[in-house]
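Residue-level listing of the chains:
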Amino acid sequence: MSALLEVNGLTKRFGGITAVNNCSFEVQEGSITALIGPNGSGKTTAFNIITGYLKADSGSITFQGKQIAEPNPATLYRSGLSRTFQQARIFPEISVLENLIVASGYSWKGLFGARTTKADRVRAGEMLEEFKLSALADFYASELSYGQRKLLEFASVLMSSPKLVLLDEPTAGVNPVMIETMERHIRARHAAGVTFLIVEHDMQLVMRLCDPVIVLDHGAMIAKGTPSEVQSNSQVLDAYLGS
Amino acid sequence: MHLVIQALILGSLTGGVYALMASGQTLIFGIMKVINLAQGAFVIVASYFTFSLFQMTGLDPFLLIVITTPIMFILGAATQWFLLRPLRPDDAAELSLLVTFAVALGLEGALSIVYKTTLRSIMPGYENHSWTIWGYQVNEVRFYAFLLSIAMLVILYVLLQKTKFGRSVRATVQNPMAAQLLGVNSKAVSAFGFGLGVSTTAAAGAVFGLITPFNPGSHYDLISRLLTIVVLGGMGAIGGSVIAALMMGVGAALVSALASPIWADFTFFIVLLLVLLLRPRGLFGAKVRGAL
Amino acid sequence: MKLSTSKFLKRRSTVAAAVALTLVSTSLISTLGNAASAAAKPLTIGVSLSLTGDFADSGTAAQKGYKLWVSDVNKRGGILGRKVTMKVVNDASSPDQVVTNYTNLITQTKVDIVMGPFSSLLTIPASRVAKRYGYSFIEPAGGGPKVFLEKNPNLFFVQPAATTKGGDVFADYILSLPAASRPKTAAYVKLDDPFAAPLADNIKARFEAAGIKTVYDQTYPSETADMTPVISGVAAKSPDVLVGGTQTADAFAQVKAMIQLKFNPKWLYLSNGASSPLEFPKAIGTKNTEGVFTSSDWYPQSTATGTPAFIKSYLAMYGGNAELIDSTSAEAYSAGTLLEQVAKKTGKIDNATIIKTLHTGSWPTLVGNLSWNAYGEPQGSYLLTQWIGGTLKTVFPAKIAQHAPVAPKPAWVG
Amino acid sequence: MSKAGIIRAVAFFGILGLLPLGVKPQWVINLLIFTLMYATLASSWNLIGGYAGYPSLGHAAFFGFGAYFIGIIFENNVGNGYNPFLILPLVGLCAGLISIPIGYIAMKTRKDVFAIVTITLLFMVQTLAYNLRAVTGGAQGKGVAVPPFAPATFGRPFYYVMLILLLTAMGISFYFRRSKIGLSLAAVRADEDKAHGVGIQVTAVKIIAFAISVGIAAMVGGVWGYYEGFIYPQFAVDPLITIGMVLMTFLGGRATLWGPVLGAFILVPAQQYFSYEFGATQFYLLAYAAIFLIIMLVLPRGILPTLTDRIRLKAKIAAEAAK
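Right, let's talk about the overall build of chain B for a bit. From N to C terminus, chain B includes 11 helices and 2 strands. Going from N to C terminus, chain B has its helices and strands arranged as α-α-α-α-β-β-α-α-α-α-α-α-α. What you see for chain B is a C-alpha radius of gyration of 19 Å, in line with the 19 Å of a compact globule of 292 residues. For the C-alpha atoms alone, the extent of chain B along its principal axes is close to 60 × 50 × 35 Å.

Here's what the structure looks like:
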């Protein structure tokens, strides 16, 4: 296994607060890596930097062996790095089907072409099938439940056939059944060769699903290892319980 | 050199007047994310109130601010409650632009029915007095306005930083949903905040009526300036808008006196565009925690 | 408020009366089947005025003048025995609406005659519509150079001269002074609009030719609310004479700035705004008006034919006092009297006759004896007036002056 | 295109196309010219303001650009008759090209700031129109060559050109809806950050929408300048023109094909008629403001979306009842 994503010495300050502090870690190809840490430990900030939403003050990011000079969300997405958001960001005023098509990373030629081509509908239809959302295809996304929105967002970022998917709390705020569903979909896609980097607060899920687990505190990595290693790490316990 | 210094004095004093108007505008934007296109019209309404009250009572226009401030507060709060509150939250930002523009038109229409379009001035007798200091002219009314705008800023600062209301406002600004969960009545806060923002026009209107002849249509010129000040200062940053207002006043005065008045506003617009290009948040629109 | 409502009602009732009268007369005609009845058909005149929007002030003043004339002419038995009715529509100071209004007046309402709009900026688009349909276009407002460059033979401007020549009489006066007591230096502060700036430029050309040095010359845009920076620039040059090419609010703002900056030129001429007997003292205080020069075509003390009668019937209709009558009302009234005179002279009232007839001879009106060149530019001149003792007085030309010019200008009262 | 849609479009443009042949009075044609003008402006505004959700308040700057373009070239009877119409595509192209850098800068800001930046642009262009006297004639204004059309059918050429421009604007609007440009714009309108995150060419589609939108506005401005005959800076670059297109789009329904047209066909005749018949009272402004407020409060999304929502809701209820 080689590193699909390498983060080196990443630092980001907001005013006086250092959100990410000289942080380095890597995500091995084919892994489901978890990124955990207490609230405010810099996980989401790290996500935002990796996916080009924020500019780091210093540090470098390498994806698929190439250093990303000017991180830009759209270019990264097209080159195989997808992400979801904590709050399940979907496009409420277009249909569920179109939510998938719009995320298919179409070319310039495609941009001027039909809103939904037959090929689009087939591909998006398959994805909906996989996520059991076919019945909702023509609903406005705004008509979906929160859990369904999370599924839809996950499904949509797979439309570009990504190598690496960053999931920001995929199961936050959804019911236990939906957590299982989500887990099943992650596993299925993992089996199909997708690498995952997951920020998650549900420790049971992390323990079941992920290896390795990276722990951040105050914007820096404090531990890395298998779930059980991390669980027994005293520094991690301190971070969660103390200070 | 004399001319440059005189222009600096004139510009800062004028800037002070605009700062007074813009502080309320900024407050409203800070609290509700509403760009209030009616702020200029409210200033003119206050000018007319002051004008009429002065005609009736003969009291000093600056004293009348005590009477007009609550009136403007009620007008503002009512506008928010009846016209802005019912808007759907997802497109409230866009719609409020149009609603406040309609309010501006309505106020203009109402004023032109009551007062006609004749230009008026508030003339207590000292409106054009100036002190001569080392050969420089300092206009009294503008100087008072300058002091008034500083006082207003201090009051706003205290209100926002030191009172319970202020904490609710700041909570609402930062996270409306969370504030609501914590028991802040964000609807009331919004109405109160809008009223507060509009109530600053009472003082601004009195000053405006003293320094410039006005009619119901005068708000168009005001609003374009207020908007640029608020944007330049950083939307929602009251301190920033004061500095922006001073920049505009001084810049316009210098360009007018030394170069040509036809390019005065243009220069300011260029500055605005450059600032937005380099710093889309405006000069002071950094990650400010409160409205100040 | 009260005033405007009652005025509104009054207007409604006149319209209602006119409508009723039209109905009665047409039904009479149709029942009698009288062929000669064409003469009894009312003469309808269409006018679009800016009753709302930026130009609403002069628009409403013009409306008063037009309405007064209609009432007066009907008292005199109408034009050639035809009762005169006037359709006044609002263009809300919009150029689109003014085109619509004149198109509607001519092709929908089918009025017999149209007269000009207020403001001046709407004159050219309106005059083009009138010309297209062969209508005469007597207009009391648009007197800028571009109006006459339109080369529209149907157009007649009802003021003594092109607006931009309004200041020539001030130049005449200054240059009539003995060389020793003439100003040596001059400043020009001009509003950027089609009339004010060229007017000041005309004065400047005359002054420079006579050796009066230009020490300051700037144009300011119409949204300039604060004139103090500009006036501080003027004051720094301390010119003997200040020529303000002004419109309305800016004239007041200039004066306020001069008072605040304690700058008092020996001669102060303001082209417009200062000529308003009502607004100028209200805006700057009566005491501060003393000694300000301006030019006028009509004012209550004017000696032009018909002025006393005009004032009398104006006061009977609108109340108030003579000092408060806007010259715009007199200009609009004069436009109407021209029609009367054409009808009287030729016995006909149609557009071709109006155009042909007005191109010859001289026509007495409230704003002086008018005659026009081929494209409607009047060939007379304005009067120089000055604020003396709280009212406007003619001070030049000397032969019709009511008072000698007061110079140097007294100090500001503050 | 659905069958009903085709019928609607053919009927609408068919009737409007044949109308001048039957209806002679010039006042009707004149009224329709202004109505078509605003329908086109609103439709073009909708491309950026509706589909992309970027409320431009600066469109009148480009409208004025078009008016001056025509005014300057055809000042002294250079070319006559139909020539000004023939160079309209050039006017649109120039405006579109100029708008690319402007749009790039302006759309770096948030949507509410964008509104202010664009209105600033409008005032800057107005200032330029006043001050570049050698080119624009400044405050003196600029006369355009008198169109040599017969008085009895004077408005007809203008009418047809406006109709063609409306057809163009609506055609592009329809194309947007049916292409991925419209889909991308819908995503940008809803959540621009997220749109970036799913690989949409956000900047490009925004600029395309802006450039086409203002290009059409400029062409309309050109026709307006020729029709009006005389151009002053404050009328050609007038915030009220922008407000007009925004209001009509909001009334009919943003981000819909027919909404802006519907808005214009309601508001323009109403405005011109009321101004002509009742405008002599000062209540005009108050009434205008009241209509404005009622639209915003009662139909915040505009007439068409409110109607389609109702229909959709009914269908849904019916479907559920059927279950």
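Still more ground to cover, so stick around.
A few words now on the overall build of chain D. In terms of regular secondary structure, chain D is built from 16 helices and 2 strands. Expected size for 323 residues packed as a compact globule is a radius of gyration near 20 Å; at 20 Å, chain D falls within 12% of this value. Taking the principal axes of its C-alpha atoms as reference, chain D extends roughly 70 × 45 × 40 Å. Taking all 323 residues of chain D together, the buried fraction comes to 63%. For chain D, the exposed area adds up to about 11,400 Å²; of that, 73% sits on carbon and sulfur atoms. Positive and negative charge centroids in chain D, built from 22 and 10 side chains respectively, lie 10 Å apart.

Time to look at the interface of chain B and chain D. Taken together, the contact pairs 37 residues of chain B with 35 residues of chain D. Across the chain B to chain D interface the summed buried area is about 3,400 Å²; carbon plus sulfur atoms make up 82%. If you sort the residues of chain B by the area they bury against chain D, E94(B), L98(B) and I113(B) come out on top, with a joint share of 16%. Linking chain B to chain D there are 0 salt bridges. When contributions to the side of chain B that touches chain D are tallied by element, the ones reaching two or more residues are helix 3 (61-84), helix 4 (92-115), helix 9 (219-233) and helix 11 (264-278) of chain B. In terms of residue class, the side of chain B that touches chain D is made up of 28 nonpolar, 5 polar and 4 charged.

Here the focus is the sheet that holds strand 4 (residues 58-63) of chain A. Residue and element names in this part refer to chain A. Across the sheet, 4 strands lie side by side as 2-1-4-5; this open sheet has antiparallel pairing. Every other strand in the sheet has two partners, leaving strand 2 (17-28) and strand 5 (66-67) as the edge strands with one partner each. Examined bridge by bridge, strand 1 (residues 3-14) and strand 4 share 5 bridges and lie antiparallel to one another. By the bridge assignment, E6 is partnered in strand 4 with T62. In this fold helix 1 (residues 43-50) packs onto strand 1, strand 2 and strand 4, with an angle of close to 115 degrees to the strand it touches most, strand 1.

Let us now look at helix 5 (residues 118-130) of chain A. Relative to the 18 Å expected for 13 residues at 1.5 Å per residue, helix 5 of chain A spans 18 Å between its end C-alpha atoms, a close match to the ideal helical length. On its buried side, helix 5 of chain A packs onto helix 3 (96-101), helix 6 (146-157) and helix 7 (176-191) of chain A together with helix 9 (180-190) of chain D. A positive phi of about 55 degrees marks K132(A), the residue just after helix 5 of chain A.

This part takes up the sheet that holds strand 3 (residues 113-118) of chain C. Residues and elements named next belong to chain C. Taken together, the 5 strands give an open sheet; going across it, the order is 2-1-3-4-5, and neighbouring strands pair in parallel fashion. If you trace the sheet from one side to the other, it starts and ends with strand 2 (84-90) and strand 5 (155-157), each paired once. Each strand axis lies, on average, 20 degrees off the axis of its neighbour in the sheet, ignoring direction. With 3 bridges connecting them, strand 4 (residues 137-139) and strand 5 associate as parallel partners. Looking at strand 5, one finds that E139 is bridged to F157. With respect to the sheet, helix 13 (residues 351-358) is in contact with strand 3, strand 4 and strand 5, its orientation differing from that of strand 5 by roughly 55 degrees.

Analysis parameters
- Residues numbered from 1 in each chain as written.
- Chains lettered and ligands numbered in written order.
- Predicted model: local features only at pLDDT ≥ 70, side-chain atom pairs only at ≥ 80, totals over all residues.
- Heavy atoms only, no water.
- Helix = DSSP H or I, 4+ residues; strand = E, 2+ residues; numbered from the N terminus.
- Rg over C-alpha atoms; globule rule 2.2 N^0.38 Å.
- Buried < 20%, exposed > 50% of the residue type's maximum accessible area, 1.4 Å probe, protein only.
- Areas by Shrake-Rupley, 256 points an atom, 1.4 Å probe, with all protein chains shown as cover.
- Lys, Arg positive; Asp, Glu negative; His and termini not counted.
- Charge placed at Lys NZ, Arg CZ, Asp CG, Glu CD.
- Contact = heavy atoms within 4.5 Å.
- Buried area = accessible area lost by both parts, 1.4 Å probe.
- Salt bridge = Lys/Arg side-chain N within 4 Å of Asp/Glu carboxyl O.
- Nonpolar A, V, L, I, M, F, W, Y, C, P; charged D, E, K, R; others polar.
- Pairing = 2+ DSSP bridges.
- Axes fitted to C-alpha atoms, helices over the stretch in contact; angles between N-to-C directions.
- Expected span 1.5 Å × (residues − 1).

By themselves, these observations are geometric and do not establish any function.
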